[in-house]
Amino acid sequence: VDLCYIDPPFNSNRSYFQIYSGIQGKLDKAQAQAFTDTWKWDDAAIEGFEEITTNAGGRFTRKSIELIKGLELILGRHDLLAYLVHMTLRVTEIFRVLKPTGSFYLHCDPTASHYLKLVLDAVICGQGGDFVNEIIWSYKKWSVSGKSFSRNHDVVLFYVKDLGKAKFNVQFQPRALSTLKRFGNKTIVSGHDESGKRIPSITLETESLGVKMSDVWDISIIAPVSKERMGYPTQKPEALLERIIKASSNEGDVVLDAYCGCGTTVAVAERLNRKWIGIDITYHSISLMLKRLTDTFGDSVLDNVIVEGIPRDLESARALANRQDDRVRKEFEKWAALTYTNNRGVINEKKGADKGIDAVVYFAASANETGRMIIQVKSGGVNRGAIATLHGDLERERADMATLITLENPTGPMIEEAKKAGYYEHKIMGKKYDRIQIVTVQELIEQDRRIDLPLSFDVLKQAVKSKGNSQIDLGIFN
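Predicted, not measured: the structure shown is a model, and the values here were computed from it.

So, how was this worked out
- Residues numbered from 1 in each chain as written.
- Predicted model: local features only at pLDDT ≥ 70, side-chain atom pairs only at ≥ 80, totals over all residues.
- Heavy atoms only, no water.
- Phe/Tyr/Trp six-rings, centres within 6.5 Å; stacked < 30°, edge-to-face > 60°.
- Helix = DSSP H or I, 4+ residues; strand = E, 2+ residues; numbered from the N terminus.
- Buried < 20%, exposed > 50% of the residue type's maximum accessible area, 1.4 Å probe, protein only.
- Lys NZ or Arg CZ within 6 Å of the ring centre and 35° of its normal.
- Contact = heavy atoms within 4.5 Å.
- Salt bridge = Lys/Arg side-chain N within 4 Å of Asp/Glu carboxyl O.
- Pairing = 2+ DSSP bridges.

A. Quick look at the packing of aromatic side chains. Considering all chains together, one arrives at seven aromatic pairs under this definition. Summarising the aromatic geometry, the rings of Tyr105 and Phe158 are spaced 4.3 Å apart at their centres and angled 5° between planes, so their arrangement reads as stacked. Of this pair, Tyr105 sits in strand β2 (residues 103-108) while Phe158 sits in strand β4 (residues 153-160), placing them 53 residues apart in sequence. By the burial criterion, Tyr105 is buried, and Phe158 matches it. Positioned over the ring face of Phe95 is Lys161, at 4.8 Å from the centre of the ring. For the cation-ring pair, Arg243 lies above Trp217, with the distance from its terminal atom to the ring centre recorded as 5.2 Å.

This is how it looks when you write it as structure tokens:
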């Protein structure tokens, strides 16, 4: 790849792998809890530590090995070391896939930036790469702390694989207002003759590009009412990513974001005519990115998007449903609900007290009314009683319709029980729907069965429409 930008978890006191869960902008508490334990000294951390310190596959630099060993002595085998082991493994792979002309930007905050710079120096500089800049992203936000200066910046560490070969497009910032008032926006040149006598300044006819950009970037955070805001807790402004992508890549280059969250890097790379690869651990995040792309560039943008790491057949769907990894224990339910609703469903944030509801989807019931469908996903154990229970949930929640998505095929008694719920007559579509519908995972995968109601989620939450080019050559990888 030509450029990699990552905005990984900062190891702060909260989990930064908390996924946007719906139109209210609240966090998915079950998902948050799952990822709270991401940076624990557990079997995965021990495995990673041994992988580095034994130089498995000959992939790690001597400096990386010695650094992790030294950090073990200083920090002990605790959560922070688990985090730094994770980052060492990931940065090693990122450096491997960078082109000789490639650049790498790591976004972090002061919580762990000093440790992360040690990791980057050991991995990247230990293999002939170069440190270029510590960029300060300066922003203004309200702070309530009375015992410290306001914390109004993040750090972006900038490295390249080879300083002599790396691509870099000089960026300019506008001249200061005082300079513009005094000189205008013309470039001023001056010089001396052969005797050393100063030649008076000459104003050129061309407009100035501005002042070469410094390593302190004053870019506003996303306003709460901004159309750019997706509700994702760590979303970064597009202006920040635009500056990075323009500086270290050209049109047609490949941009990688290995922790892409709500897809800011992907969206900006697409707008700037770059190819791109995005990686994230949850389908909910992937779903949000896909919706962001279609909202911004139109449905046709997905024609060339490749999504990997999600079920393609019943076997892979069963494998996802039966995974024992707590960090992704709800991904099967989320994948099924979001796939069926074309990524418009709202995942239930109260799993455990949900009374059988995994997601809700809103639809336009009439010109002035919004209807609601509740969704339950089952990987096994479905029978007539499950439909009867769903019927009770439908009435209790006062929803208009309900859908059961099941990995197993429904039985005759289940279908009969569903029919007892009656019909819902849709005023806009002019047709009747079963109030309780049963959808199989096989239908989702093999027949592309999707909800056929006019969804109103788009009215409630929509990304900014783009006027840019919409061609995509690479896709999202989960």
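B. A look at the side chain of Asp7. Within the element layout of this structure, Asp7 appears in the loop between β1 (3-6) and α1 (29-36). Not counting residues up to four positions away in its chain, the partners in contact with Asp7 are His107, Thr234, Lys236 and Tyr259.

C. A look at the pattern of salt bridges. Per the counting criterion, the structure on display carries 27 salt bridges. Note that Asp7 and Lys236 form a salt bridge whose closest N and O atoms lie 2.7 Å from each other. On the criterion of sequence distance, the pair formed by Asp7 in the loop between β1 and α1 and Lys236 in the loop between β9 (216-218) and α7 (238-248) is long-range, its members being 229 residues apart. Residue Glu333 is joined to Lys330 by a salt bridge in which the shortest nitrogen-to-oxygen separation is 3.1 Å. Look at Glu333 and you get buried, because its relative accessible area is 16%.

D. Layout of the pairing of strand β18 (residues 436-440). Extensive coverage of β18 is indicated by the burial of five of its five residues. Here β18 shows two buried faces, one formed by Ile436, Ile438 and Thr440 and the other by Gln437 and Val439. Two elements, strand β15 (residues 401-406) and β18, share five bridges in a ladder whose sense is parallel. When the sheet's bridge partners are listed, Thr403 is paired in β18 with Gln437.

E. Spotlight on helix α11 (residues 331-340). Of all the 10 residues making up α11, 10 are buried; the element is thus mostly covered by neighbouring parts of the structure. Where α11 is concerned, the buried positions are Glu331, Phe332, Glu333, Lys334, Trp335, Ala336, Ala337, Leu338, Thr339 and Tyr340. Looking one or two places after α11, you find Asn342, whose phi comes out positive at around 55°.

F. Molecular detail of the sheet that holds strand β13 (residues 359-364). Taken in spatial order, the five strands make up an open sheet running β12-β13-β14-β15-β18, and their pairing is mixed. Since the sheet does not close on itself, it has two edges, and those belong to β12 (346-347) and β18, each with one partner.

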